[in-house]
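Structural features, examined
The primary structure of each chain is shown beneath.
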Amino acid sequence: MSSLVSQVRDVLSRAAELFRRAPVPIELVNRLEQLIQELEQPCVLAVVGRAKAGKSTLVNALLGVDLAKVGVTETTATINFFRYGQPANPARPIRCYWRSGFYEDVDRTFYESLQGNDRQTLERAVAIERLEFFIPHEVLREVTIVDTPGTEAVVDEHRKVTAEFLNLRRRLREQHNQDTERWTSQADAVIYLISQVPRVTDKAFLEEFQDVTGRRSRALNAIGVVAKIDLYPEICARIPAIAEQLREYLSTVVPVSAGLKRALDRLTAENPSGLQQIAAAISRIPQQRLFKLLDSHELWDEFDFEDCPVKAEQRRELRQDIPWAVFATIVKTLCQENMHREQALLRLQELTGFDLLRNVLERHFFRRAKLLRAFKTVNEARDILEQLRFKYLPQFEREDEENQDRLNRFLAFIRSSQGDTQIAQELEDFLKTQLGTARVNQIDALLHDVGLSISQVYHELEEYNADFEALTALEQARDLFTETEYRELQVLFGLYGLDTETRVDGQCDPNYLNERRGFWSQQAIAARHEARRKIADSGAQAYGRLLAEILGKS
């Protein structure tokens, strides 16, 4: 699929080059080049959740740096964009877009000043549309991250405040909710984040997810993330059951520990010997004593014991500012029997959940988003060709005819004159160059060449777009299908990934695919409801394409 997007890029780049060399109106050339730039735009990932759910911590962990502001108390939030690039002014690395319509580059001090609940801070926050951070981070080449304000965010309910203060608070909350909803609807993928639920039960997590999503999220572009899983290790085993009950709202649910991810980043990249130092220290502590120390951070940080050669001061230095639950997880993993440091590191990286999260985002959403964007771009390129064919070509034909008439008149005049023959010939050659070149022939050749290559890639993309439209229609006609049919079609139309094996749920046997194609063909014929008929027909066609693909490979 990535090769198909690359193919679109190559086709459009070649078309733009031909356009530049041909007598094509400059506005069409500029529009085609703009389409290429739009095709290159990264996908948009919005992070949504309640205030203090850990959204900024998650963003920091995704980027491997501490950029998003993490508040220990409730803070006045803004919509924050993290884009690929270098700031125009390194001393003012944040671009602030004001609701009045202009922007300015600001420094970190300005950003820090937005973290408060006083009237002056609220007045400033109400006037800001969004903040943008430009960072040369590889992740951001492919993804623009939008860190949204927390739902139900901002300021202490219990303080005595003026009516003006309350009005500011209400306006800011309304703006936060509207902005979050807008960017959530526009994003290619949305992470709905929850953490710190009052009871670690399936029901608590289900209720929290449904509250955070507002019961408006769609599995087409949404996943749930249980943050701070280091605090709830017992919930991991129940994640599949939770995901199953939330499948109407979320494609899947992924447990992550952003704290563990950032700790590993620091212990491997920022302090390459940090993990080794922890491993060396705990190897000196008798195992029985070590596990007692891990009962609480007070025992680890404050008390010395005769049977523990590593003193409390040294242990505090090892832990630094790593959250206790995260540090305990690291130590327990490092001290497992027969586990080398490299193995322990791999295990810890697995426990963070971020490899799984990136995989889900890429397979479920970003590949599809890139294909849909490519399809939209190719459609617009076809519109440009149509505009050239039906609007400009007739105009060029008239102008070519007029120029030919003028050329014939000029040549007749030159040939009837008795002037210098050499000069007359030079003048004839010049006029033929200026008026005798038929633009229509050039444009015809261009339309044939570019149109053929665009049509070829368009028809390939059309299949993926048809599946996405069928997936959207299926979601809207949920009650027309049994549970088994609904789940089969979700998988078939690419909800969980666009590779062939995923779409057929691992059953690549041609006989099975042919049987399912026949089944959905019969369902289309027997359907009484138009929506069911169309979706069933799409299912039969999808199975037919996958069958042809598998037979072609074999």
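Further up the page is the structure itself.
First, a word on scope: everything that follows refers to the structure included in this document. (Residues numbered from 1 in each chain as written. Predicted model: local features only at pLDDT ≥ 70, side-chain atom pairs only at ≥ 80, totals over all residues. Heavy atoms only, no water.)

Some remarks on a negative patch on the surface
- On the surface, E397, E401, E402, D405 and D444 cluster together to form a negatively charged patch.
- Sorting elements by how many residues they give to the negative patch places helix α17 (residues 354–416) first, with four residues.
- Note that D444 resides in helix α19 (residues 439–476).
- Looking at D444, the relative accessible area reads 38%, which means it is partly exposed. (Patch = residues over 30% accessible without salt bridge, like charges linked within 9 Å, V, L, I, M, F, W, Y side chains within 5 Å. Areas by Shrake-Rupley, 256 points an atom, 1.4 Å probe, with all protein chains shown as cover. Salt bridge = Lys/Arg side-chain N within 4 Å of Asp/Glu carboxyl O. Lys, Arg positive; Asp, Glu negative; His and termini not counted. Charge placed at Lys NZ, Arg CZ, Asp CG, Glu CD. Helix = DSSP H or I, 4+ residues; strand = E, 2+ residues; numbered from the N terminus. Buried < 20%, exposed > 50% of the residue type's maximum accessible area, 1.4 Å probe, protein only.)

Brief notes about the pairing of strand β6 (residues 143–147)
- Burial of β6 is extensive: five of the five residues sit out of reach of the surface.
- In the sheet, strand β2 (residues 80–84) pairs with β6 via three bridges, with the strands oriented antiparallel. By the bridge assignment, N80 is partnered in β6 with D147. (Pairing = 2+ DSSP bridges.)

A few points about the nonpolar core
- Residues L58, I145, L357 and L361 are the most contacted members of the largest nonpolar core, which totals 40 residues.
- With seven residues, the single largest contributor to this core is α17.
- Among the nonpolar cores identified, the runner-up in size contains 38 residues, and A15, I36, F375 and L446 belong to it. (Core = buried A, V, L, I, M, F, W, Y, C linked by side-chain atoms within 4.5 Å.)

Looking at unusual backbone geometry
- Even without glycine at this site, Q320 takes up a positive phi of about 50°.
- Among the structural elements, Q320 can be located in the loop between α14 (312–319) and α15 (324–334).
- Look at Q320 and you get exposed, because its relative accessible area is 52%.
- The phi torsion at D505 lies on the positive side, around 55°, for a residue other than glycine.
- Within the secondary structure, D505 is located in the loop between α21 (500–503) and α22 (510–526).
- In this structure D505 comes out as exposed when scored by relative accessible area, which is 58%.

Observations regarding the sheet that holds strand β7 (residues 189–194)
- Strand order in this open sheet of nine strands is β4-β3-β5-β2-β6-β1-β7-β8-β9, and the pairing throughout is mixed. The open sheet has two free edges, formed respectively by β4 (103–106) and β9 (253–255), since each of these has just one partner strand. If you compare each strand with its neighbour and ignore which way they point, the axes differ by 25° on average.
- Taken together, the five bridges between strand β1 (residues 43–49) and β7 define a ladder with parallel strand orientation. Residue pairing in the sheet places V47 in a bridge with I191 of β7. (Axes fitted to C-alpha atoms, helices over the stretch in contact; angles between N-to-C directions.)

Looking at the packing of aromatic side chains
- Across all of its chains, the model carries twelve aromatic pairs by this definition.
- Measuring from centroid to centroid gives 6.2 Å for W324 and F327, while their planes differ by 35°, and the two rings are tilted. Highlighted residues: W324 and F327, both in helix α15, separated by three residues, approximately one helical turn.
- Assessed through its relative accessible area of 0%, F327 is described here as buried.
- The positively charged end of R130 is found above the aromatic ring belonging to F81, 5.5 Å away from the centroid. (Phe/Tyr/Trp six-rings, centres within 6.5 Å; stacked < 30°, edge-to-face > 60°. Lys NZ or Arg CZ within 6 Å of the ring centre and 35° of its normal.)

Some remarks on the packing of helix α10 (residues 258–270) against helix α16 (residues 341–352)
- Their axes nearest at 9 Å, the elements α10 and α16 cross at an angle of 145°. Pair α10 / α16 crosses with left-handed handedness. Across the interface between the two elements, L260, K261, L264 and T268 from α10 touch L345, L348, Q349, L351 and T352 from α16.
- Considering only residue class, the contact of α10 with α16 consists of five nonpolar, three polar and one charged. (Left-handed = near helix turned anticlockwise from the far one by under 90°. Contact = heavy atoms within 4.5 Å. Nonpolar A, V, L, I, M, F, W, Y, C, P; charged D, E, K, R; others polar.)

A short note on α16
- With twelve residues, α16 should cover 16 Å at 1.5 Å per step; its first-to-last C-alpha distance of 17 Å lies within 8% of that length.
- Along α16, the residues classified as buried are A344, L345, L348 and T352. Buried residues of α16, viewed axially, fall in a sector of 100°; they line one side. What points out from α16, more than 90 degrees from its buried face, is the exposed set E342, L346 and E350.
- Residues of α16 that are buried in the fold lie against β9, α10, α11 (274–282), α15 and α17.
- Remark: G353 follows α16 within two positions and exhibits a positive phi of approximately 80°. (Expected span 1.5 Å × (residues − 1). Arc of directions from axis to C-beta.)

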